[in-house]
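# Descriptive analysis of the structure
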Protein chains: 2
Amino acid sequence: MGSVKTIQLSKSIYEDTDAEANELREYLKEKGVFLVNIMSSPGAGKTTTLISLINRLSKHFRIGVMEADIDSDVDAVKIADKTGCKSVQLHTGGMCHLDAAMTRQGLDALGIDDLDLVFLENVGNLVCPAEFDTGATMSMTILSVSEGDDKPLKYPLIYQKCDLVLINKIDAMPYFTFNLDRCIANIKMRNGNSTIIPISAKTGENMSEVEGYFINKTISGGKCKNA
Amino acid sequence: MGSVKTIQLSKSIYEDTDAEANELREYLKEKGVFLVNIMSSPGAGKTTTLISLINRLSKHFRIGVMEADIDSDVDAVKIADKTGCKSVQLHTGGMCHLDAAMTRQGLDALGIDDLDLVFLENVGNLVCPAEFDTGATMSMTILSVSEGDDKPLKYPLIYQKCDLVLINKIDAMPYFTFNLDRCIANIKMRNGNSTIIPISAKTGENMSEVEGYFINKTISGGKCKNA
């Protein structure tokens, strides 16, 4: 079993979190690192999706992962075990989200000099993480079939703010009352520009499309190009 | 389709939210009303469980429901349609939780003089709702099989604070990697005194046990008795 570093984050001392986020984005650009903020409900499949995705993308990029949680290090250990990539566990000290200052603490602990692509798995929560700019290059939300197709109606901000929405666990669709067309329409109502890809991280269905999305977004002559 | 009142809640002006919560509990006791705070991840099945439960409990109690959400009124409409009981939709104005002052605004809008039992469906979120005492008589958390058995490791506070945990969607257990014994052990690690009942709100499995739990907790000669 891989061992992972656990970092206890301290609360931001900055008042102007937007400025802090923009500064972090500039810093990442200079470093040539593309940072993806992943958000979802608890249990929507962030870690499983990430493992599937990293195993596809690791031939293209040098990848690192930051796993944020209130407690436990189960996710960071799982990532290290199943992908072998560099991974740190961030403990938020009870906080329900990450901001840019906390994200920077995580990046410093991870060490990004040798990385092209970093995934930040935010705290499982559809409300608070959407309210704070982490400084990431882009944001992605995972909605799982078992949660229901009405989530974009109830949690508008997170769907407004993200560039990519993965609808996960589509292999379990026959088991739940879930209307894919209605779900897509609900997401589009919040943000007409977001890219939506229905997937199953478990069976691998459509994961090649997600792989292609990230290659198109980031690669330029084998090196990361920040959007 | 039933119509429901939608209430826009305003933020608490009180500094001492614990005192406010204790005052609300005293007020409910005087009124002979038992208030249940229901918490879970988005999509764990709060509303479906509530509909199944109300249809069993309505022969024993006069029941009212407060549905809290950031946006939309889909849940309150569903409750009114499927149970016929008195229901209001509370909009939190982007807030990720309810406190006692907000709960009291909801109770005032609902009107509780003719009620014995009130359910408050909190915002779908495993982090913030656990940090605020709503003033409810008891708290219940729903964890669904599709979320995974590790949730009590990652979201400790909500499991520490609740009296009753329902493990929902057990009909879907063959479909997911979920270890029921491990899940129960993880919940017990957070709170050894909580009652845990595995259910399927969809098929009705074990719902009679939940019905019995609430009858034992609340009834005394046909009238509510606050614990």
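All right, on to the packing of aromatic side chains then. Each aromatic ring pair is specified by the distance between its two centres and by the angle formed by the two planes. The final tally for this structure, using the stated rule, is eight aromatic pairs over all chains. Consider the rings of Phe119(B) and Phe214(B), whose centres lie 5.8 Å apart with planes at 80°: the pair is edge-to-face. Taken together, the residues Phe119(B) in strand 5 (residues 117–121) and Phe214(B) in helix 8 (residues 207–218) connect sequence positions 95 residues apart. Taking relative accessible area as the criterion, Phe119(B) reaches 0% and is therefore assigned buried. Here the aromatic rings of Tyr213(B) and Phe214(B) are separated by 5.3 Å at their centres, their planes lie at 80°, and the arrangement is edge-to-face. Phe214(B) shares its class with Tyr213(B); the two are buried. Above the ring of Tyr27(A), the side-chain terminus of Arg104(A) is found at 4.8 Å from the ring centroid.

Residue and element names in this part refer to chain A. On the basis of which strands lie adjacent, the open sheet formed by eight strands has the order 1-4-3-5-2-6-7-8 and parallel pairing. Edge positions in the open sheet fall to strand 1 (5–8) and strand 8 (195–198), since each of these has one partner strand only. The sheet shows a mean angle of 20° between the axes of neighbouring strands, direction not considered. Relative to strand 8, strand 7 (residues 164–168) runs parallel, the two sharing four bridges.

Below, the discussion takes up the relation of the copies chain A and chain B. Superposition of chain A onto chain B requires a rotation of 180° combined with a translation of 0.0 Å along the rotation axis, giving an RMSD of 0.0 Å. Expressed as an axis order, the relation between the two copies is that of a two-fold axis.

With that settled, consider the sheet that holds strand 8 (residues 195–198) of chain B. All names here are of chain B. Strand order in the open sheet made by the eight strands is 1-4-3-5-2-6-7-8, with parallel pairing throughout. Strand pairing shows two members of the sheet lacking a second neighbour, strand 1 (5–8) and strand 8, which therefore form its edges. The sheet shows a mean angle of 20° between the axes of neighbouring strands, taken without regard to direction. Against the sheet, helix 3 (residues 74–83) contacts strand 3 (63–69), strand 4 (86–91) and strand 5, and its axis sits at roughly 175° relative to strand 4.

A few words now on the interface of chain A and chain B. Taken together, the contacts link 33 residues of chain A with 33 residues of chain B. A buried area of about 2600 Å², summed over both sides, lies between chain A and chain B, and 57% of it is on carbon and sulfur atoms. In this structure, the connection of chain A to chain B is made through four salt bridges. Put simply, Asp71(B) and Arg190(A) hold a salt bridge, and the shortest N to O gap is 3.7 Å. Linking chain A with chain B are 11 residue pairs in polar contact (both at pLDDT 80 or more), by the criterion used here. Of all the secondary structure elements, the ones that give two or more residues to the side of chain A that touches chain B are helix 3 (74–83) and helix 5 (151–154) of chain A. By residue number, the principal contributor to the side of chain A that touches chain B is helix 5 of chain A, which donates three residues. Split by residue class, the side of chain A that touches chain B holds 14 nonpolar, seven polar and 12 charged.

This part covers empty space enclosed by the protein. As enumerated under the stated definition, the model contains one cavity of 30 Å³ or more in all. Estimates place the volume of the largest cavity at around 50 Å³. Residue lining of the largest cavity: 13 residues in total, with Ser144(A), Ser146(A), Glu147(A), Ser146(B) and Glu147(B) positioned closest to the centre. Per-class residue counts for the lining of the largest cavity are three nonpolar, seven polar and three charged.

About the criteria used
- Residues numbered from 1 in each chain as written.
- Chains lettered and ligands numbered in written order.
- Predicted model: local features only at pLDDT ≥ 70, side-chain atom pairs only at ≥ 80, totals over all residues.
- Heavy atoms only, no water.
- Phe/Tyr/Trp six-rings, centres within 6.5 Å; stacked < 30°, edge-to-face > 60°.
- Helix = DSSP H or I, 4+ residues; strand = E, 2+ residues; numbered from the N terminus.
- Buried < 20%, exposed > 50% of the residue type's maximum accessible area, 1.4 Å probe, protein only.
- Lys NZ or Arg CZ within 6 Å of the ring centre and 35° of its normal.
- Pairing = 2+ DSSP bridges.
- Axes fitted to C-alpha atoms, helices over the stretch in contact; angles between N-to-C directions.
- Least-squares fit on C-alpha atoms with pLDDT ≥ 70 in both.
- Contact = heavy atoms within 4.5 Å.
- Buried area = accessible area lost by both parts, 1.4 Å probe.
- Salt bridge = Lys/Arg side-chain N within 4 Å of Asp/Glu carboxyl O.
- Polar contact = N/O pair within 3.5 Å; in protein donor to acceptor, adjacent residues only side chain to side chain.
- Nonpolar A, V, L, I, M, F, W, Y, C, P; charged D, E, K, R; others polar.
- 1 Å grid on protein atoms, 1.4 Å probe; cavity = no way out; pocket = protein on both sides within 12 Å on 5 of 7 lines; lining within 4 Å.
- Points joined across faces, edges and corners; volume = space filled by probe spheres on them.

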